Every structure is written in C-alpha cells, then in structure tokens.
Amino acid sequence: MSNTGAIDYDSKIPNNVQLSADRALQRALEKWLPQYLEWWQTMGPHGFQDLEVYLRTAISVDPEGWAKFGYVKMPEYRWGILLAPQEEGRTIPFGKFKGLPVWQEVPGEFRATLRRLIVIQADTEPASVEQQRFLGRTAPSLYDMRNLFQVNVEEGRHLWAMVYLLHKYFGRDGREEADALLKRHSGDPDSPRILGAFNEETPDWLSFFMFTCFTDRDGKYQLEALSQSGFDPLSRTCRFMLTEEGHHMFVGRTGIERIVRRTCEVMQAHKLDANDIEAVRTHGVIDLQNIQKKINFHIGVTEDLYGAEVSTNSANAYHAGVKGRFRETAIDDDHQLHNATYPVLKYRDGAFVTVAEPALNALNARLCDDYLNDCRQILATWNKIIKAAGINYELTLPHRAFLRRIGEFANLHVSTQGEVLSHEQWQARQDDWLPSDADLKYLLSLMVESKPEPGRFANWISPPRAGINGQPIEFEYVKIH
Ligand SMILES: [Fe+2]
Ligand SMILES: [Fe+2]
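In this report, the structure presented in the accompanying data block is examined. The structure presented is a predicted model; accordingly, all values stated were derived computationally and were not measured.

Counting its secondary structure elements, the protein contains twelve helices and seven strands. Radius of gyration (C-alpha) of the protein: 23 Å, near the 23 Å computed for a compact globule of 481 residues. If one aligns the C-alpha atoms of the protein with their principal axes, the spans along those axes are about 65 × 65 × 40 Å. Sequence-distant contacts in the protein: of pairs separated by 6 or more residues, those separated by 24 or more amount to 70%.

Below, the structure is given as structure tokens:
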C-alpha cells in the first residue's frame, strides 16, 4: 500500500494509489480524462487557458511541504489522485461499529448512503469552477487572478479525487455517476448542480471572496465530518482535500479583509459618515452596507448546505459509521450519542424557541453551529479593522432563519434580526438585507476589464500583506503580456 505519500508523476494520471497495479481502473480513468479536459476547456476559466500561471502542485501528501510552485498553463496542470497516507490500525471512531477496524472496501449495506454522500460532495467541486469562470478578466490584480486560478485547478483536483472513489469502489453505478458530474452544470435549468448554493452566480469579485470565505468553509466542515468516516479511502481522500481547502478559505477571508481595509482607509481619509453610502461610492470603494448584504446572502444560502436541522438521514449515516461530527475524535463523549440531546432552534407558535432534540438527529444543526462559530470569529477580525479606523459600523451574521429554503425555517420570511414577516413585508423590505439591483449594479461597475500590471491593485481593494510562496507582491503571478 502507499503509506509513503510519494506521488507517481510519470503516469498519465498522477497518483499515490498505485493506479498502475489496477489496469481496468487505470483504463477507465484514462477514458474519463479527455472528457474532463474537454469540460475544463469549455466550462473552466474563460479566456486564460493559454497563459502561464504561477501555481502550486502537490508533490507529496505529507502535511509539511507538499507543494511545488511554478508556471503552468492550466490545461497542462497535473491533476492527480492523492490520498492522505493510510494510518496503521485506524478504527471506526463513532457509531455502532465504534472501535472496529475501518473498512477498506464499501460495506454492502451502506453502499447507497456512501455513494450519495460522495456524489453530493463531488458535484460541488466542478460547480464552483463553472460559477467562477468569467472572473479572470475583471481580476483586481495579477495576485488575485492567480489565486482564483489556483482555487479553480484544485477544485478540479477534488473532482478527480471523488471520481477515483466512484470508479474504484462503486462499479458501474460509480462510473455513471462520474460521467454525470461533467454533464450537470451550475445554473443550467435542465441539468443543474445538486445543491442550491452551487447554482447561484458568482458575477463579481466580492461574491468570489464571499464564496471562498463562507461556502468553501462549508466544504471544510463537510470534509472534516467525512474524513472521520469508517470507510477509510473516503477518510484519506477528504483529509488531503482539507489541506488544499485552507488556501481557498484564506483567499476569501483575506480578500474581504482587504476590501474592508481599503473602504475604511478611504472613509477615514475623507472623514465620511458610515451611513453615507453615496459618498463612499463616489470614491469608488465598496460600502460596508453592501458587504453586509453579501454576507447575509452567502451565509443564508450556505446554511442550507447543511440540510435540515433535524435529519434521520444524517442520524443513519452517523450510526452506520459513515459520516461523523466535526473533529469527532477530539469530542469528549461516547461517540454513539446514547441518550444525548442537542439544542436546536425552531419556530413554534409564533416564536423562536430552543428545543432539546436527540443528538443523533441534530447532527446537521450541530455541524452548522460549528461552522457559524468559525464565521463569527472571522467577522470579529474584520470589525477590528473598522473599529481601528474610527468608523461606527459593525458587520454581523444574519439570524439563523434568514433566507432559508431548507429545514426548520424554509417556509418563513425572516429579517436578519429575526423578525418574522409576511410575504408582502418581505417583498417591501428585502432590499434592506440583500443586495438590491442598484447595489449589484454598483459592484459590477467596479469590475472593469483590465490588463493588470504586476503590483497594481484595483482602487477598491488593498494589496495583501505578503505575496504567494515568499514572492513579492509585485511578482508576475500570471504572464499576461
Ligand atoms: Fe473543493
Ligand atoms: Fe475549495
């Protein structure tokens, strides 16, 4: 077995799973490869396929120093099948089989559950590439353009990771699911992506940063829960994906931070009032109100990705040892949830109340709570910047029931403050909480096509604190000229 983490880059499909030892699998994946490349060319980054981009490629799955940086044309990127090393003697950490050795093959009775979880995760990977395909031409800098493309090629690699699992462990159904992953497309009315958030548009860079900050962060929580799985190949796959996910969230979090910083700098220099949106816009930066509305939108649609707060599907997956909790092994309890309860927010008789549900049924609510705690800490770092600039404004998370289409609050209209509204009230006031047509138009007006010079940044965003891989900020991250 491949316990070393060493990657074979000599074969057509780079891998650390000894693909050459399984001829049938190798042939099947080599057949999928041209379909994938065709998808990348038509649905991937638009207009930048021939340029050299300073990208990292994994050369080992060792947690330390796994990346090599260099100029690559994206269609020539070496997408590989990379799993974290197998842990000797790993046992199932939770559920009814807790303590038994992990499975190296799919247990027949959980086959359908596992396949569904893998397909749902897999579908998000190409979806985000499709959502972001037109952003390259309005990149605020070469640094940001490079980060976008890095995220894109790695989402492509995540797709490879999931397709490997489908092909290797799920036979013919798995191969069919792998083909279907290239046939559904984000926002396609006839054949959309599976989850709502992955059919939304990412038309501007604020949306891109919000997506990588908040929706990739959902990915972190889902992958962490899947990396606890008793099905060891899934666990190992997700563990390595998580190391890549860190950079995606960094791009999002620091992207918004740089926008907030720039706005505050301009507001401070011109002594602008926090509520004077028009004055802020006159200076060509993004008003904090618009940032708040985008937060509301992205948090709302991302919360839905956790599914219904109370769910027997997730209870079953946990009981079966297939999908755990966030950092399961670090939690101090029986890991079987006998007699345990978990507080879940619900709307009952005209009021929001907390109900103690059996913990086994409340796993989605718990995972979403873990996620929101993370988000709350990020907002606090942005608020520090605003406060330090002497500006009287605070970014906040919207109420849990805001903008929900799935779960407990799916049929309610709720303000960001938790006021329950009639349909008419919602219609009349939704522009207070979500970007209005005018807000979006203003954002798009800032997204100008340009040929960025090394070291130059659009007016609405601050430069980063440091470059990528120790390179200077003015490094030529994309060879565009
Ligand atoms: Fe991903
Ligand atoms: Fe990601």
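That shown, we press on.
What follows deals with the pairing of strand β4 (residues 351-358). By the criterion of burial, β4 is predominantly exposed, with just zero of the eight residues buried. In the sheet, strand β3 (residues 341-348) pairs with β4 via eight bridges, with the strands oriented antiparallel. Each residue of the ladder has a partner; that of T341, found in β4, is P358. As consecutive antiparallel partners, β3 and β4 are separated by two residues, and within that stretch D349 has a phi angle of approximately 50°, a positive value.

In space, the three strands of this open sheet follow the order β2-β1-β7, with antiparallel pairing throughout. Every other strand in the sheet has two partners, leaving β2 (67-73) and β7 (478-479) as the edge strands with one partner each. Across the sheet, helix α3 (residues 142-169) is in contact with β1 (52-58) and β7; its angle to β1 comes to roughly 45°.

G174, E177, A178 and L181 are the residues of helix α4 (residues 171-181) that are buried. Projected down its long axis, α4 shows its buried positions confined to an angular sector of 105°, all on one face. Relative to its buried face, α4 has exposed residues pointing more than 90 degrees away, namely R172 and E176.

Before going further, it helps to examine unusual backbone geometry. Residue N339 is not a glycine yet carries a positive backbone phi of 60°. The topology assignment puts N339 in the loop between α9 (312-319) and β3. On the basis of neighbour counts, which here come to 9 C-beta atoms within 10 Å, the residue N339 falls in the exposed class.

Let's shift gears to the nonpolar core. Ranked by size, the top nonpolar core spans 124 residues in total, and within it I118 and V163 carry the most contacts. When residues no more than four places from it in sequence are discounted, the contact partners of I118 are M162, L165, L166 and L234.

Here E176 is to be found in helix α4. When the 11 C-beta atoms within 10 Å are taken as the criterion, E176 is described as exposed.

A few words on the packing of helix α2 (residues 111-131) against α3. Axis separation between α2 and α3 bottoms out at 8 Å; the angle between their running directions is 155°. It follows that α2 is roughly antiparallel to α3 by the angle criterion. Note that α2 runs across α3; the crossing there is left-handed. Seen from α2, the contacting residues are I118, Q121, A122, E125, P126, S128 and V129; seen from α3, they are N152, E155, G156, H158, L159, M162, V163, L165 and L166. Counted by class, the contact of α2 with α3 contains nine nonpolar, five polar and two charged residues.

As a further point, take the packing of helix α6 (residues 232-269) against helix α10 (residues 363-388). Running from N to C, α6 and α10 cross one another at 20°; their axes reach a closest spacing of 9 Å. The pairing of α6 with α10 is recorded here as roughly parallel in orientation. In this structure, the crossing between α6 and α10 has a hand that is right-handed. Note on element contacts: α10 touches α6 through I378, T381, W382, I385 and I386, opposite R253, I256, E257, V260, R261 and C264.

Given 3.6 residues per helical turn, the α-helix brings residues three or four places apart onto the same face. The terminal C-alpha atoms of helix α5 (residues 205-227) lie 31 Å apart, and with 23 residues this matches the ideal 33 Å at 1.5 Å per residue to within 8%. At F211, α5 is deflected by roughly 30°, the largest bend along its length. Of all 23 residues making up α5, 22 are buried, and the element is well covered by its neighbours.

The subject of this paragraph is the environment of A401. The residue A401 is located in the loop between α10 and β5 (413-414) in this model. Measuring from C-alpha to C-alpha, the distance between A401 and Y347 comes to 9.0 Å, with 54 residues separating the pair along the chain. Contact partners of A401, with chain neighbours within four places excluded, come to Y347, F409, L412, V414 and G418.

Conventions we followed
- Residues numbered from 1 in each chain as written.
- Chains lettered and ligands numbered in written order.
- Predicted model: local features only at pLDDT ≥ 70, side-chain atom pairs only at ≥ 80, totals over all residues.
- Helix = DSSP H or I, 4+ residues; strand = E, 2+ residues; numbered from the N terminus.
- Rg over C-alpha atoms; globule rule 2.2 N^0.38 Å.
- Contact = placed C-beta atoms within 7 Å.
- Buried ≥ 20, exposed ≤ 12 C-beta atoms within 10 Å, placed from the backbone.
- Pairing = 2+ DSSP bridges.
- Axes fitted to C-alpha atoms, helices over the stretch in contact; angles between N-to-C directions.
- Arc of directions from axis to C-beta.
- Core = buried A, V, L, I, M, F, W, Y, C linked by C-beta atoms within 7 Å.
- Parallel < 35°, antiparallel > 145°, perpendicular 65-115°, else oblique.
- Left-handed = near helix turned anticlockwise from the far one by under 90°.
- Nonpolar A, V, L, I, M, F, W, Y, C, P; charged D, E, K, R; others polar.
- Expected span 1.5 Å × (residues − 1).
- Bend = angle between axes of the 7 residues up to and from the residue.

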